[in-house]
Structures are given as C-alpha cells and as structure tokens.
Amino acid sequence: MVEGELKLLGRDPRRPAERLEIRRRLGYLPQTFFRGFTVRECVSYAAWLKDMPNRGALDVVERVVDQVGLTPRMDAEYRTLSGGMRRRVGIAQALVNNPQLLPLGEPTTGLDPAERDRFHALLRQLSATTTVVLATHLMEDVHACCDSALVLCTSRMVFLGSSRDLEEAGGYA
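Just so it is clear, the structure is predicted and the values come from calculations on it, not from any experiment.

Some thoughts on the overall build of the chain
Right, on to step 1. Within the chain one finds seven helices and four strands.
Right, on to step 2. The globule rule puts the C-alpha radius of gyration for 173 residues at 16 Å, and the 17 Å found for the chain is close to it.
Right, on to step 3. Along the three orthogonal principal directions, the C-alpha set of the chain runs to about 45 × 40 × 30 Å.
Right, on to step 4. The buried share of the chain, taken over its 173 residues, is 38%.
Right, on to step 5. Accessible surface, the chain: about 10400 Å² in total, of which carbon and sulfur atoms supply 53%.

Focus on the packing of helix α2 (residues 39-49) against helix α3 (residues 57-67)
In a packed pair of helices, the relevant descriptors are the angle between the two axes and the axis-to-axis distance.
Right, on to step 1. Interaxial distance between α2 and α3 falls to 10 Å at its minimum, and their mutual angle equals 120 degrees. Here α2 is positioned oblique relative to α3, judged by the angle of their axes. For the element pair α2 and α3, the recorded crossing hand is right-handed. Contact residues: α2 offers Val39, Arg40, Val43 and Ser44, while α3 offers Val61, Glu62, Val64 and Val65.
Right, on to step 2. The residue makeup of the contact of α2 with α3, split by class, is five nonpolar, one polar and two charged.

Re the environment of Thr108
Right, on to step 1. Turning to its location among the elements, Thr108 is positioned in the loop between β1 (101-105) and α5 (113-126).
Right, on to step 2. Spatially, the C-alpha atoms of Thr108 and Arg87 are 7.8 Å apart, while their sequence positions differ by 21 residues.
Right, on to step 3. Apart from the residues within four sequence positions on either side, Thr108 is in contact with Arg116, Phe119, His120, Leu138 and Asp141.

Quick look at the packing of aromatic side chains
Right, on to step 1. Across all of its chains, the model carries two aromatic pairs by this definition.
Right, on to step 2. A centroid spacing of 5.8 Å and a plane angle of 90 degrees characterise the contact between Phe37 and Tyr45, whose relative ring orientation is edge-to-face.
Right, on to step 3. Residue classification places Tyr45 among the partly exposed residues on the basis of a relative accessible area of 29%.
Right, on to step 4. Ring centres of Tyr45 and Trp48 lie 5.7 Å apart, and the angle between their planes is 20 degrees; this geometry places the pair in the stacked category. Taken as a pair, Tyr45 and Trp48 lie in helix α2 at a separation of three residues, close to a single helical turn.
Right, on to step 5. On the accessibility criterion, Trp48 (56% relative accessible area) is exposed.
Right, on to step 6. Members of the aromatic cluster, connected to one another through ring pairs, are Phe37, Tyr45 and Trp48.

Here's the deal with the nonpolar core
Right, on to step 1. Ranked by internal contacts, the top residues of the largest apolar core, which has 40 residues, are Val43, Val89, Ile91 and Val96.
Right, on to step 2. Taken together, the elements giving at least two residues each to this core come down to α2, α3, α4 (83-95), β1, α5, α6 (139-145) and β3 (148-153).
Right, on to step 3. Beyond its immediate sequence surroundings of up to four residues, Val43 is in contact with Val61, Val64, Val65, Val89, Ala92, Gln93 and Val96.

A few points about the pattern of salt bridges
Right, on to step 1. Per the stated rule, a full pass over the model turns up 11 salt bridges.
Right, on to step 2. A salt bridge links Lys7 to Glu5, with the nearest nitrogen and oxygen atoms 3.8 Å apart.
Right, on to step 3. Judged by its relative accessible area of 42%, Lys7 is partly exposed.
Right, on to step 4. A salt bridge links Glu18 to Arg15; its shortest N-O distance comes to 3.5 Å.
Right, on to step 5. Assessed through its relative accessible area of 47%, Arg15 is described here as partly exposed.
Right, on to step 6. In the salt-bridge network here, residues are joined through shared partners; they are Glu21, Arg24, Arg25 and Asp51.

Concerning the packing of α4 against α5
Right, on to step 1. Contact geometry for α4 and α5: axes closest at 13 Å, N-to-C directions at 10 degrees. One way to sum up the angle between α4 and α5 is to call them roughly parallel. Of the residues in α5, those touching α4 at Arg88, Ile91 and Leu95 are Glu115, Phe119, Leu122 and Leu126.
Right, on to step 2. Of the residues in the contact of α4 with α5, the class split is five nonpolar, no polar and two charged.

Each value, and the rule that gives it
Residues numbered from 1 in each chain as written. Predicted model: local features only at pLDDT ≥ 70, side-chain atom pairs only at ≥ 80, totals over all residues. Heavy atoms only, no water. Helix = DSSP H or I, 4+ residues; strand = E, 2+ residues; numbered from the N terminus. Rg over C-alpha atoms; globule rule 2.2 N^0.38 Å. Buried < 20%, exposed > 50% of the residue type's maximum accessible area, 1.4 Å probe, protein only. Areas by Shrake-Rupley, 256 points an atom, 1.4 Å probe, with all protein chains shown as cover. Axes fitted to C-alpha atoms, helices over the stretch in contact; angles between N-to-C directions. Parallel < 35°, antiparallel > 145°, perpendicular 65-115°, else oblique. Left-handed = near helix turned anticlockwise from the far one by under 90°. Contact = heavy atoms within 4.5 Å. Nonpolar A, V, L, I, M, F, W, Y, C, P; charged D, E, K, R; others polar. Phe/Tyr/Trp six-rings, centres within 6.5 Å; stacked < 30°, edge-to-face > 60°. Core = buried A, V, L, I, M, F, W, Y, C linked by side-chain atoms within 4.5 Å. Salt bridge = Lys/Arg side-chain N within 4 Å of Asp/Glu carboxyl O.

Here you go:
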C-alpha cells in the first residue's frame, strides 16, 4: 500500500473549505457541455461553478470567449458548433477564472492548424502567470508550448527534462 499526502495549490482537497479554494483557482477542460446552452451560458456556468462573483463575471466571460475567437458565436447554441469550436468553448471555460493551475488533456484535439497555432500562443502567454500541465501525445504541442517535459510509460517516469532534450532523445512518440 502506498501512502502519502496530496495537496493542490497548497491546499488539502479532503477539507471542504480548502476544496472550494482549489475549485476557485483551478482550470479544467471539459469534454462536453449541455447541448442546449449557448456559448455565453456555457462559459457563465463554468464561472458560477468556480464560485466567481456575479459582479464582473459577464465582462470576464466576454473576454475569454474573445480570447478563443468565438465572439461572433457568443449566442449560438453549443450543439450547432463544429467540433473545433466546441473545443474552444471548453478552453474559454478553463480560462474563465484566471486559474493558477491549468491541467489540460489533449487540448488541441479537433482544432484546425490555425486555431492550434493560436492556442499554442495563448498557452505561452498564460504560462507567465499560470502553471499549465499539458497531457498530450502530440510532440507538436510539446515543442510549441512547453519548456519542460515529463514522459510517463506504464505509470513510471521515463524522461524529465527540456522539450529540446526530449526531441533529441527521440521524442518518445
């Protein structure tokens, strides 16, 4: 049996008050949303889940939707969006609370090449103030976004170093 202690953002997720603080500071990328919601409602709902105050939340929602290039589709229903646009709604939702920790799993899936480049630039910008954890099998994403890389194989670390060193090691692709 393995024992240890888990803390996220310096807080214990087993304690309700600390769990709320984690939720306020954590971003995450969902797989899907309620199909009847509009883009605005999806991102507003995420703000509510993260316990953001109502005052100012509408401006933040508009800002993050603009960051992902969906302002013209703000009032479109989620179900009418393409797969790439749906992914961008999820990215906006992940950013709505200006998270301190942003774990992302395969975030560029479904994005066309131009949107993938735009997302890479956004991640580089975010990394100045946010800890971004990127789980991906796409070396393109690693090289475009990451300063350092950790590779796991069957739950064991097989590489830890710079993304450049990873490329030189054969990329573990």
